[in-house]
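# Structural overview for review
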Amino acid sequence: MNEAYYLKELSKCVRCGACKSICPTYLSTLNETMGARGRVAMLGQLGMKRLAPTGRLAEKIFSCMLCGACKNLCPAGLNIPEIIYQGRNVLKNSYTRGRLLRTALKLSMSRLDNIFAIMRACQKVFYRPLYKSGVLGYVPEITSMPFRKTIQVYKNMKKTGRIALFAGCTVNYIYPELGNALSGILLSKGYEVVVFKGELCCGAPMRSMGLEQEASTLAEKNIELFSKVRAEAIISLCPTCTLTIREQYPFLTGNTIQNIMDINEFFIEYDITAGLEIDPAVVTYHDPCHLNYGLGIKDKPRHILKNIKGIELVEMKRADECCGFAGLFSLHFRKISGDIGRRKIDNILNTSAETVVTSCPGCMMQLESLKRETKASFDIKHMVEVVDEAMHG
């Protein structure tokens, strides 16, 4: 997005305030500068040189959760998340709280295996006392065996077709069992599975910290890598990765990875879950923001769950409200993140469901953290785990 187009987009805002009705940070603080309308107004003033690029202004722009709830509600058609990304690029050097994280992200771009190995070692030594003292929140154990290190191609004698996986960092380094579950599902359906060891981060954390050039570099490399595979679909278990590739790569590079699909889209389109049965279970479903607001996928996960015999789906109140994770937001704005998250936990508990199902590894992390904090009792499963259990027991 060039500067002229960016300023033109900012000028479209008519200050109607529709976005405030759904903005989680505004509803948590009731502060105009912590809502979508306020942020767009401030960036407009910054663009016209009426506001200086101060640390205080940067704090407000970086406090956006980038959930995308406001985007489809805007009558003027502003792509508010994209405006926020551009604003962060302008203000990144003013956001001093993010300086260390920006440096770490830059260093990690092509060294993810090494960085996560170091993080795993530090986690083993320092994490427990820091967690108990409240300095750090809950962080799942970083795996010693990343998903992408285990395989590259699963051959299949049936050869129904060929599917490639975009694992994403969270599945690769924290929840490799999700990747293994998906691989098992695909293999049992006769698909050959391709996993690229050379896959890089999708770039979403870089963009969220204002590192546009770095995000563009990652996008170009991933596009080049995945253009080499002949696969009828490329599946992601992370809606943030899918949204970044599908909608943001064109902004960053003018190109994208073709045939990228969210796991719920794939399950429905390829009729993967037909005829499945599971032991009787009462579940509720949490909508990940990037899946619901970003990709427009809301009914498909419910369709999958309702059609697995044995599952009773009980809808929670405000299932589409954010869980409070929002990636790096939960590190820098822990109080707001916790306030939003605890409302989600209350809504889950009010269903009396045994299990909350979601389709986002990041949401799983947040819900597990809040469950521990509130001493709540329920299981948390990714959609792929539910389908894998119904298929393989």
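Here we summarise the structure given alongside this text. Computed from a prediction, not measured in an experiment: that's the story for all the values here.

The next point concerns the state of the cysteines. Within this structure, the stated rule accounts for zero disulfides. With no disulfide partner, Cys169 has as its closest neighbouring cysteine sulfur the one in Cys201, 3.9 Å distant.

The subject of this paragraph is the layout of surface pockets. Considering only enclosed or pocket space, the second largest pocket measures out at about 310 Å³ in volume. Residue lining of the second largest pocket: Arg120, Gln123, Lys124, Tyr127, Arg128, Tyr131, Lys132, Tyr138, Val139, Pro140, Glu141 and Arg372, and that is the complete set. Top contributing element to the lining of the second largest pocket by residue count: helix α7 (residues 112–132), with seven residues. Residues of the lining of the second largest pocket, tallied by class, amount to five nonpolar, one polar and six charged.

At a minimum axis separation of 10 Å, helix α3 (residues 36–47) and helix α4 (residues 55–62) run at an interaxial angle of 140°. The angle between α3 and α4 places the two elements in the oblique class. For α3 against α4, the interelement crossing comes out left-handed. For the pair formed by α3 and α4, the contact residues are Arg39, Met42, Leu43 and Leu46 on the first element and Leu57, Lys60 and Ile61 on the second. A per-class count over the contact of α3 with α4 returns five nonpolar, no polar and two charged.

On to a nonpolar patch on the surface. A contiguous nonpolar surface patch, about 440 Å² in accessible area, is contributed by Val125, Phe126, Leu130, Val135 and Leu136. Structurally, the position occupied by Leu130 is in helix α7.

Another aspect to go through is the sheet that holds strand β8 (residues 355–358). The four strands lie next to each other as β7-β6-β8-β9, forming an open sheet whose pairing is parallel. Sheet topology places β7 (309–313) and β9 (379–382) at the edges, where each strand pairs with a single neighbour. Neighbouring strand axes in the sheet, compared pairwise and without regard to direction, differ in orientation by 40° on average. In this sheet, β8 lies alongside strand β6 (residues 277–285) in parallel orientation, the contact comprising three bridges. Considered in β8, the bridge of Tyr285 is made with Val357.

A separate point is the pairing of strand β4 (residues 233–236). Here β4 shows no split at all, with Ala233 and Ile235 on one side and Ile234 and Ser236 on the other all buried. Relative to β4, strand β2 (residues 161–166) runs parallel, the two sharing four bridges. Note on β4: the bridge partner recorded for Leu165 is Ile235. Across three bridges, β4 lies against strand β5 (residues 260–262) in parallel orientation. Bridging across to β5, Ile234 finds its partner in Ile260. Once you follow β4 into helix α13 (residues 239–253) and on to β5, the crossover reads as right-handed.

A word on the environment of Ala181. Among the structural elements, Ala181 can be located in helix α10 (residues 176–188). Placed 203 residues apart in sequence, Ala181 and Val384 show a C-alpha to C-alpha distance of 6.7 Å. When neighbours within four sequence positions are excluded, Ala181 is seen to be in contact with Val384 and Asp388.

With that out of the way, let us pick up the packing of aromatic side chains. The full count for this structure, using the stated rule, is nine aromatic pairs. Plain terms: the ring middles of Phe166 and Phe226 are 5.4 Å apart, the flat faces sit at 35° to each other, and that makes the pair tilted. A residue pair is termed long-range when its members are at least 10 positions apart, and Phe166 in strand β2 and Phe226 in helix α12 (residues 212–226) qualify at 60 residues. With respect to class, Phe166 is no different from Phe226; both count as buried. Between Phe329 and Phe333, the aromatic rings sit 5.2 Å apart at their centres with planes inclined by 20°, giving stacked as the arrangement.

All chains considered together, the criterion is met by 22 salt bridges. For Arg207, the salt bridge identified is with Glu212, shortest N-O distance 2.8 Å. Its salt-bridge partner being Arg302, residue Asp287 comes within 2.7 Å of it at the nearest N-O pair. Here Asp287 is found in the loop between β6 and α15 (289–294), whereas its partner Arg302 is found in helix α16 (residues 299–306), with 15 residues between them in sequence. Side by side, Asp287 and Arg302 carry an identical accessibility label, which is buried. When salt bridges that share partners are traced, they join Asp287, Lys298, Arg302, Glu315 and Asp320 into one network.

Scoring rules and cut-offs
- Residues numbered from 1 in each chain as written.
- Predicted model: local features only at pLDDT ≥ 70, side-chain atom pairs only at ≥ 80, totals over all residues.
- Heavy atoms only, no water.
- Disulfide = S-S within 2.5 Å.
- 1 Å grid on protein atoms, 1.4 Å probe; cavity = no way out; pocket = protein on both sides within 12 Å on 5 of 7 lines; lining within 4 Å.
- Points joined across faces, edges and corners; volume = space filled by probe spheres on them.
- Helix = DSSP H or I, 4+ residues; strand = E, 2+ residues; numbered from the N terminus.
- Nonpolar A, V, L, I, M, F, W, Y, C, P; charged D, E, K, R; others polar.
- Axes fitted to C-alpha atoms, helices over the stretch in contact; angles between N-to-C directions.
- Parallel < 35°, antiparallel > 145°, perpendicular 65-115°, else oblique.
- Left-handed = near helix turned anticlockwise from the far one by under 90°.
- Contact = heavy atoms within 4.5 Å.
- Patch = residues over 30% accessible without salt bridge, like charges linked within 9 Å, V, L, I, M, F, W, Y side chains within 5 Å.
- Areas by Shrake-Rupley, 256 points an atom, 1.4 Å probe, with all protein chains shown as cover.
- Salt bridge = Lys/Arg side-chain N within 4 Å of Asp/Glu carboxyl O.
- Pairing = 2+ DSSP bridges.
- Buried < 20%, exposed > 50% of the residue type's maximum accessible area, 1.4 Å probe, protein only.
- Right-handed = clockwise from strand over helix to strand, strands pointing away.
- Phe/Tyr/Trp six-rings, centres within 6.5 Å; stacked < 30°, edge-to-face > 60°.

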